[in-house]
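So the chains spell out like this:
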Amino acid sequence: MTSQRYIALIRGINVGRAKRVAMADLRKLIGDLGYRDVRSVLNSGNLVFAADGVTPGAAAAAIEEQLVLKLGVAARVLVLSREELATVLAENTLVEQASDHARLLVFILGDAALRDAIAPLCEQAWGKEALALGQRAAYVWCPEGVLASAAATALGKQLGDTTTSRNWNTLCKLYALCDEPAATPPGA
């Protein structure tokens, strides 16, 4: 396996007062696992890193374990390869109708088998809202806001902690970061 970029999405950290984690500590934790060029986006558990010879599942398990051991924080971690994130972005059929990409949510599915469980939600009428399904993600357009979204609430209840969601803007930033050149180490 050659070196490639990965995106780690950590569920539920730095939301309210619970599970507070400094991004510098999180970047160090990921670096201590042997992953390189670790970068964070926003203050809510969004990371991009490079690694050799690791699968997304193995990286997620290692990060989850170290979060507990080193930082005392139990949180679900979903890791996607750059290519998997590209597919998630390409499959979004709601992007054209979403006039505000901050209100376009993407729920990353930790297990593709969850598609069957949430498929009936996609067949319901949601008024101004819309819900669509890709291979690894569910997409929700929340024109009245994320907190007011019946579709996002229903999807969240159905999926529980097997998923994490990010808005479209954040996922696009993470994807763009995958293509930025690696940071030059000091003294290089």
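The structure under discussion appears in the preceding block.
Values in this document were obtained by computation on a predicted structure and should not be read as measured data.

Engineer: Just give me the short version of the sheet that holds strand 3 (residues 46-51), but keep the residues and values in it.
Structural biologist: An order of 2-3-1-4 is seen for the four strands of this open sheet, with the pairing classed as antiparallel. The sheet is open, and its two edges are formed by strand 2 (36-40) and strand 4 (77-81), each paired on a single side. When strand polarity is set aside, the average angle formed by the axes of neighbouring strands in this sheet is 20 degrees. Of the pairings in the sheet, the one linking strand 1 (residues 4-10) to strand 4 comprises five bridges and is antiparallel in character. Looking at strand 4, one finds that Ile-10 is bridged to Val-77. Seen against the sheet, helix 2 (residues 56-71) touches strand 1, strand 3 and strand 4 and runs at an angle of roughly 150 degrees to strand 4.

Engineer: Quick one: what's the story with the packing of helix 1 (residues 23-32) against helix 2, residue by residue and with numbers?
Structural biologist: With their axes 10 Å apart at the nearest point, helix 1 and helix 2 run at an angle of 120 degrees to one another. By the angle class used here, helix 1 and helix 2 are oblique. With respect to the hand of their crossing, helix 1 and helix 2 are arranged in right-handed fashion. On helix 2, the residues touching Asp-25, Leu-26, Leu-29 and Ile-30 of helix 1 are Ile-63, Gln-66, Leu-67, Lys-70 and Leu-71.

Conventions and cut-offs
Along each chain, the written sequence defines residue order, and numbers are assigned to residues from 1. In keeping with the predicted nature of the model, local features appear solely for residues at pLDDT of at least 70, side-chain atom pairs appear and are counted solely at 80 or more, and the whole-chain, interface and lining totals rest on all residues. As a rule here, side-chain values cover all heavy atoms of the structure and leave hydrogens and water aside. Here, a strand pair is defined by DSSP locating no fewer than two bridges between the strands. Here a strand is any run of E in DSSP of at least two residues, a helix any run of H or I of at least four, and the numbering for each starts at the N terminus. In this analysis, axes come from line fits to C-alpha atoms, helices being fitted only over the stretch in contact, and the angle between any two N-to-C directions falls in the range 0 to 180 degrees. Residue contacts are defined here by distance: any two heavy atoms, one from each residue, within 4.5 Å place the two residues in contact. Comment on the angle field: the value is read as roughly parallel under 35 degrees, roughly antiparallel over 145, roughly perpendicular from 65 to 115, and oblique elsewhere. Each helix crossing is assigned a hand: it is left-handed if the near helix lies turned anticlockwise from the far helix by less than a right angle, otherwise right-handed if that turn is clockwise.

Fair warning: the whole summary comes from geometry, so function is off the table for now.
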